[in-house]
Amino acid sequence: VFFRRGSQNVVSPGPNPAARARLVICAHLDAPRSGAIYNPRRARFGARLARRSPVPLGPYRVVFWSLALLLPLLGARMAGVDSNVLSVVQLVPTLVLLVAVFGLIEIELSEIVPGANDNASGVAAAVSLATELDADPPANLDVWLVLDGGEECQQEGMRRFMRAHRKDFDRATTFFLSIDSVGGGDVCFETSAGWLVSYAMDRRLVELCTAIAEAEPAAIRGVAKVSV
């Protein structure tokens, strides 16, 4: 419902397309908007709650599943079913959606964050890594650098990049390394991710990250596995 804003992807294709494998180094180059939900204290509380939850939590998941729960309840109402139990069950997802609407509007009307950590730090790390690999290129690896925009609108920049290059990449031999918010805190890597449903990351990359964490405990202060 708000005005569209321009964004862009910065793409540097690899120089070795005949290589046996391809590495796509990614970092989003846009800065998000601020808002009360991103208050550091609230963010820490949300992280603690997510760690204790038996199922992965996230803002979009809470909104989606609240809506998914509300739809059959509304269908029951339209069919003539009416009870106090139904009203109580309906109250929770309704309140979640109301809070979400006001929260999203507040974010949209907030200022843009300075972006030093999210995600200028990721862009700097991605460019530095690509420069190192370009200076001493692996024989069997084609290295791409993709700095994508539109990350805050469901990763639209990366989705646009994949729509344009889907046929260029072999699923079995193409690996994506996404670097985000590495300017502070402990080093982490994701074992699974997804907006609504978690999908496991590539097993080989997770094993490699785990091996690095175990082999270099002094260099990596506090590696943590994160499931989103």
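Everything here concerns the structure above.
Here we summarise the structure given alongside this text. (Residues numbered from 1 in each chain as written. Predicted model: local features only at pLDDT ≥ 70, side-chain atom pairs only at ≥ 80, totals over all residues. Heavy atoms only, no water.)

One open sheet holds the 4 strands; their spatial order is β1-β3-β2-β4, and the pairing between them is mixed. Strands with a single pairing partner mark the edges of an open sheet, and in this sheet they are β1 (10-12) and β4 (174-178). Adjacent strand axes in the sheet meet at a mean angle of 15 degrees when their direction is disregarded. Here helix α5 (residues 156-165) sits on the sheet in contact with β1, β2 (21-28), β3 (141-148) and β4, set at roughly 140 degrees to β3. (Pairing = 2+ DSSP bridges. Helix = DSSP H or I, 4+ residues; strand = E, 2+ residues; numbered from the N terminus. Axes fitted to C-alpha atoms, helices over the stretch in contact; angles between N-to-C directions. Contact = heavy atoms within 4.5 Å.)

What follows covers the packing of helix α2 (residues 59-78) against helix α3 (residues 84-108). Closest axis-to-axis distance for the α2/α3 pair is 9 Å, and the angle between their directions is 140 degrees. In terms of their interaxial angle, α2 and α3 are classed as oblique. The element α2 and its partner α3 pack so that their crossing is left-handed. Residue-level inspection shows V62, V63, S66, L67, L69, L70, L73, L74, A76 and R77 of α2 in contact with α3, the latter providing L86, S87, V89, Q90, P93, T94, V96, L97 and A100. (Parallel < 35°, antiparallel > 145°, perpendicular 65-115°, else oblique. Left-handed = near helix turned anticlockwise from the far one by under 90°.)

A few words now on helix α6 (residues 203-215). Spanning 13 residues, α6 covers 18 Å between terminal C-alpha atoms, matching the ideal 18 Å at 1.5 Å per step. The N-terminus of α6 is capped by D202, whose side-chain oxygen sits 3.0 Å from the backbone nitrogen of R204. (Expected span 1.5 Å × (residues − 1). Polar contact = N/O pair within 3.5 Å; in protein donor to acceptor, adjacent residues only side chain to side chain.)

This brings us to a nonpolar patch on the surface. A contiguous nonpolar patch, built from F45, L49, V55, L57 and V62 and spanning about 420 Å² of accessible area, is present on the exposed surface. Tracing the sequence through the fold places L49 in helix α1 (residues 40-52). (Patch = residues over 30% accessible without salt bridge, like charges linked within 9 Å, V, L, I, M, F, W, Y side chains within 5 Å. Areas by Shrake-Rupley, 256 points an atom, 1.4 Å probe, with all protein chains shown as cover. Salt bridge = Lys/Arg side-chain N within 4 Å of Asp/Glu carboxyl O.)

This structure, assessed with the given rule, holds 6 salt bridges. Taking the shortest distance from any N to any O, the salt bridge between R203 and E207 comes out at 3.3 Å. With R203 and E207 both in helix α6, this residue pair falls 4 residues apart, about one helical turn. Here the salt bridges share partners, and the residues they tie into one network are E156, R159 and R163.

For the bond running from D118 to N119, omega is 10 degrees, close enough to zero to count as cis. Tracing the sequence through the fold places N119 in helix α4 (residues 116-135). Unlike most non-glycine residues, Q155 shows phi in positive territory, near 55 degrees. Backbone geometry places S181, a non-glycine residue, at a positive phi of 50 degrees. Here S181 shows up in the loop between β4 and β5 (188-193).

Below, the discussion takes up the nonpolar core. Listed in full, the 12 residues of the largest apolar core are L23, I25, A27, V123, A126, A130, L133, V143, L145, L147, F175 and I179. The greatest single-element share of this core, amounting to 4 residues, is contributed by α4. Apart from the residues within four sequence positions on either side, I25 is in contact with A126, L129, A130, L133, V143, W144, L145, V146, L177 and I179. (Core = buried A, V, L, I, M, F, W, Y, C linked by side-chain atoms within 4.5 Å. Buried < 20%, exposed > 50% of the residue type's maximum accessible area, 1.4 Å probe, protein only.)

The next subject is the state of the cysteines. Applying the stated rule across the entire model yields 0 disulfides. Left without a disulfide partner, C153 is nearest to the cysteine sulfur of C26, which lies 16 Å away. A relative accessible area of 40% places C153 in the partly exposed class. Distance from the sulfur of C188, which forms no disulfide, to the nearest cysteine sulfur (C209) is 11 Å. Residue classification places C188 among the partly exposed residues on the basis of a relative accessible area of 44%. (Disulfide = S-S within 2.5 Å.)

Let's shift gears to the pairing of β3. In terms of residue burial, β3 counts as a mostly covered element, since 7 of its 8 residues are buried. One ladder, built from 3 bridges, connects β1 with β3; its direction is antiparallel. Looking at β3, one finds that V10 is bridged to L147. Here 8 bridges tie β2 to β3, and the two strands are oriented parallel to one another. Bridge pairing in β3 places A27 opposite L147.

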